[in-house]
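# A structural walkthrough
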Amino acid sequence: RRLYFDMETSFNIVATFQIGRKMFIGPESIIKERAVICIAYKWENDPRVYTFHWDNNQCDKAMLAKFVKVAEQADELVAHNGDRFDIRWLRTRCLFHRIPCMPDFVSIDTLKLARAGFNFNSNKLDYIGGYLGVGRKMDAGGIEAWKTVILKNDRKALAHMVAYCQQDVELLQRVHTELIPYTKHKTHRAALHGGERVDCPECGSVNSRISASASAAGSS
């Protein structure tokens, strides 16, 4: 089972006497630690996008506990910059709350796929979606949106951020679907479900054959 997901996070609230380009702000200046605001996820063959968000006290514990149970049902987790950002964030906040979490997930990072196999002018999800004609990200509202959610605890602004996260997940799946025929597979679905290695690694179909072009692209 392939799970697409994305999350939005808060910023650290810190105390500093100066601002500037070459400022060093150490961890001792932190007033409030960053956390996960919301998570959106979608199963590959389910049209619905599901969401969780932090509670009225801006605590992400209950949300993370729920999402970990979902993530552990997946054979693959797909996220853009997921290996460096989303999965590390998930694991770090689970550790903070002492929520049991798998030490390793099978992940597909579409940012890594873009960098390794293509030469896009930009590897941002928004640009790739536009380049492939499958959609663009919605406007999150910039830093002011985050300030409204975090500092004012505004529920309307939170709902907008959740919708922004949902749309990212839908765009992520559309982009990944376009990249699949041109990239190597991380999980061989036919082998995963007891099939033979000659079966299609993407869908597990036995009605497949290997061609020169497909072999070069990593699919059959």
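Before reading further, recall that the structure is shown in the block above.
Quick summary incoming for the structure in this document. If you're wondering where the values come from, they're calculated on a predicted model, not measured in any experiment.

What follows covers the sheet that holds strand β7 (residues 107-109). The pairing of strands in a sheet comes from backbone hydrogen bonds and takes either a parallel or an antiparallel form. Judged by pairing direction, the sheet is mixed, and its five strands sit side by side in the order β5-β4-β1-β6-β7 without closing on themselves. Unpaired on one side and paired on the other, β5 (50-53) and β7 mark the two borders of the sheet. Between one strand axis and the next, the sheet turns through 25° on average, direction left out of account. With three bridges joining them, strand β6 (residues 76-79) and β7 adopt parallel strand pairing. Across the sheet, residue Ala79 finds its bridge partner in β7, namely Asp109. Docked against the sheet, helix α1 (residues 61-71) engages β1 (2-9), β4 (36-43), β5 and β6, running at close to 25° with respect to β4.

This part covers α1. What α1 keeps buried is the set Met63, Leu64, Phe67, Val68, Val70 and Ala71. What you see down the axis of α1 is that its buried residues fit within an arc of 155°, all on one side. Where α1 is buried, its residues contact β1, β4, β5, β6 and α2 (82-97).

On to the side chain of His80, then. By secondary structure assignment, the location of His80 is in the loop between β6 and α2. Classification of His80 as buried rests on a relative accessible area of 17%. Setting aside residues no more than four positions away along its own chain, His80 makes contact with Asp86, Asp109, Thr110, Leu111, Asn123, Lys124, Leu125, Ile128 and Leu172.

Within this structure, the stated rule accounts for eight salt bridges. The partner of Arg93 in a salt bridge is Asp60, and the shortest N-O contact between them spans 2.9 Å. Taken as a pair, Arg93 in helix α2 and Asp60 in the loop between β5 and α1 lie far apart in primary sequence, 33 residues in all. One exposure class covers both Arg93 and Asp60, and it is buried. A salt bridge links Lys147 to Glu144, with the shortest nitrogen-to-oxygen separation between them at 3.1 Å. Note that Lys147 and Glu144 are positioned in helix α5 (residues 142-152) at a spacing of three residues, about one turn of the helix. The class for Glu144 is partly exposed, based on a relative accessible area of 45%.

The rules we used
Residues numbered from 1 in each chain as written. Predicted model: local features only at pLDDT ≥ 70, side-chain atom pairs only at ≥ 80, totals over all residues. Heavy atoms only, no water. Pairing = 2+ DSSP bridges. Helix = DSSP H or I, 4+ residues; strand = E, 2+ residues; numbered from the N terminus. Axes fitted to C-alpha atoms, helices over the stretch in contact; angles between N-to-C directions. Contact = heavy atoms within 4.5 Å. Buried < 20%, exposed > 50% of the residue type's maximum accessible area, 1.4 Å probe, protein only. Arc of directions from axis to C-beta. Salt bridge = Lys/Arg side-chain N within 4 Å of Asp/Glu carboxyl O.

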